[in-house]
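# Remarks on the overall topology
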Amino acid sequence: MLLAGEVKGELARIHPARGCCRRAELAGLLLGASGPRLRTLDHATARTAVHLATSVGMRVSPPRPAVERGSDRARHHLLVELDPSAVADWRWEEAPSCDRRSFLRGVLLGAGSISFSASGPHVEIVVRGAETADRLRTWLAEVGVRAGVSVRRGRHVVYLKGHEEIAALLRLVGANRGVLELETHRVERDVRSRLNRLLNAEEANLERTVRAADRQLAAIATLEAEGRLATLGIGLREAAALRRRMPEADLDTLSTALGVSRSAINHRLRRLVELAREEE
């Protein structure tokens, strides 16, 4: 399965040819930044920020390391100092579709996290404030991507769940390999799920067959011990003899061996059980 870092790496390798698209992607990168500082764990994202800033004439310093100490361990970030005023006039409402795609690519690179787990893919985008989160959700809806908003530890998170929504976003921002891997993963999960259902059904059928055979063998033994088996019709005696010879066989195998229909052998075996119970 494609790793989350590889998805970001694929996005970072996309270099928009048009200046307007580069400005849009830079605006997206700044959406989740703390003021003029872009903080990222991803080297490719830091390089992309520097490249975009330089391409639009923004003065930018090389990325520098920074350590953020949490409750359990230190996280080594890269800080990129940017000038938000260079893209302050960028507006989603006025942007053409190519700029919107570039903007969302920048958002995903700068503030997004992608995870792939047994329960399915998950995308989260951390932004500043409820208003920004609501705007981003609205913008995503306008391009056909359904998202939700939650607050976690005081941070506003725009999240996507499910293959369809995440594949739509990845396709929109140009992560074609990511989409392919996502679809492949979904097919594999569907096949495994279908196979598990078939195996479970087969196991349940086998258990039912074994339990039924045990009841039938016990009934045949009872009828023989009471001397009644020999008095039964030839069809029931043949079914009893066959069940004893093939104690683990299913109805299809028994019907083929006896040369009768499945329903006929089933009826005869049920009748043997009923006769054995009549004298209990």
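Keep in mind the model is a prediction, meaning the values are calculated, not measured.

Attention shifts here to unusual backbone geometry. Although it is not a glycine, arginine 153 adopts a positive phi angle of roughly 50 degrees. The residue arginine 153 is located in the loop between strand S6 (148–152) and strand S7 (155–161) in this model. Assessed through its relative accessible area of 71%, arginine 153 is described here as exposed.

What follows concerns the packing of aromatic side chains. Here the structure, examined in full by the defined rule, presents four aromatic pairs. Consider the rings of tryptophan 90 and phenylalanine 103, whose centres lie 4.6 Å apart with planes at 10 degrees: the pair is stacked. Linking tryptophan 90 in the loop between strand S3 (74–81) and helix H4 (97–111) with phenylalanine 103 in helix H4, this pair joins segments that are 13 residues apart in sequence. For phenylalanine 103, a relative accessible area of 3% corresponds to the buried category. Centre to centre, the rings of phenylalanine 103 and tryptophan 139 are 5.5 Å apart; their planes meet at 80 degrees, and the pair counts as edge-to-face. Remark: tryptophan 139 occurs in helix H5 (residues 129–142) and phenylalanine 103 occurs in helix H4; sequence separation between them is 36 residues. According to the relative accessible area criterion, tryptophan 139 is buried, its value standing at 9%. An aromatic cluster is built from Trp90, Trp92, Phe103 and Trp139, whose rings are joined through pairwise contacts.

The next thing to look at is the pairing of S6. When S6 meets S7, the two strands line up antiparallel, connected through five bridges. Within the sheet, the bridge partner assigned to arginine 152 lies in S7 and is arginine 155.

Pairing is antiparallel in the open sheet, where four strands are placed in the order S4-S5-S7-S6. Each edge of the open sheet carries a strand with a single partner, namely strand S4 (112–117) and S6. On average, adjacent strands in this sheet sit at an angle of 30 degrees to one another, irrespective of strand direction.

Let us look at the packing of helix H8 (residues 234–245) against helix H9 (residues 251–258). Contact geometry for H8 and H9: axes closest at 11 Å, N-to-C directions at 120 degrees. With respect to each other, H8 and H9 are oriented oblique. For the pair H8 and H9, the sense of crossing is right-handed. Between H8 and H9, the residues in contact are Glu238, Ala239, Leu242 and Arg243 and Leu254, Ala257 and Leu258, respectively.

Let us look at the nonpolar core. Judged by nonpolar contacts, the single largest core of 50 residues is most densely connected at Phe103, Leu136 and Leu140. Ignoring sequence-local partners within four residues, the contact set of leucine 140 consists of Leu104, Val145, Ala147, Val158, Leu160 and Leu169. Ranked by size, the runner-up nonpolar core spans 18 residues in total, among them Leu232, Ala239, Leu254 and Val273.

Relative to the 18 Å expected for 13 residues at 1.5 Å per residue, helix H2 (residues 19–31) spans 19 Å between its end C-alpha atoms, a close match to the ideal helical length. Listing the buried residues of H2 in full gives Cys21, Arg22, Ala24, Glu25, Leu26, Ala27, Gly28, Leu29, Leu30 and Leu31.

Take the confidence of the model for the protein next. Here the protein shows a mean pLDDT of 85. Residues at 70 or above account for 93%. Looking at the elements of the protein, mean pLDDT is at its lowest for strand S2 (residues 64–69), recorded as 66, and at its highest for H5, recorded as 93.

The next subject is the pairing of S7. Here strand S5 (residues 120–127) pairs with S7 via six bridges, running antiparallel. Counterpart to valine 123 in the pairing with S7 is leucine 160. Turn length for the S6-S7 hairpin, with the two strands adjacent in sequence and antiparallel, is two residues, and the turn residue arginine 153 shows positive phi of about 50 degrees.

Cut-offs applied
- Residues numbered from 1 in each chain as written.
- Predicted model: local features only at pLDDT ≥ 70, side-chain atom pairs only at ≥ 80, totals over all residues.
- Heavy atoms only, no water.
- Helix = DSSP H or I, 4+ residues; strand = E, 2+ residues; numbered from the N terminus.
- Buried < 20%, exposed > 50% of the residue type's maximum accessible area, 1.4 Å probe, protein only.
- Phe/Tyr/Trp six-rings, centres within 6.5 Å; stacked < 30°, edge-to-face > 60°.
- Pairing = 2+ DSSP bridges.
- Axes fitted to C-alpha atoms, helices over the stretch in contact; angles between N-to-C directions.
- Parallel < 35°, antiparallel > 145°, perpendicular 65-115°, else oblique.
- Left-handed = near helix turned anticlockwise from the far one by under 90°.
- Contact = heavy atoms within 4.5 Å.
- Core = buried A, V, L, I, M, F, W, Y, C linked by side-chain atoms within 4.5 Å.
- Expected span 1.5 Å × (residues − 1).
- pLDDT = per-residue confidence, 0-100.

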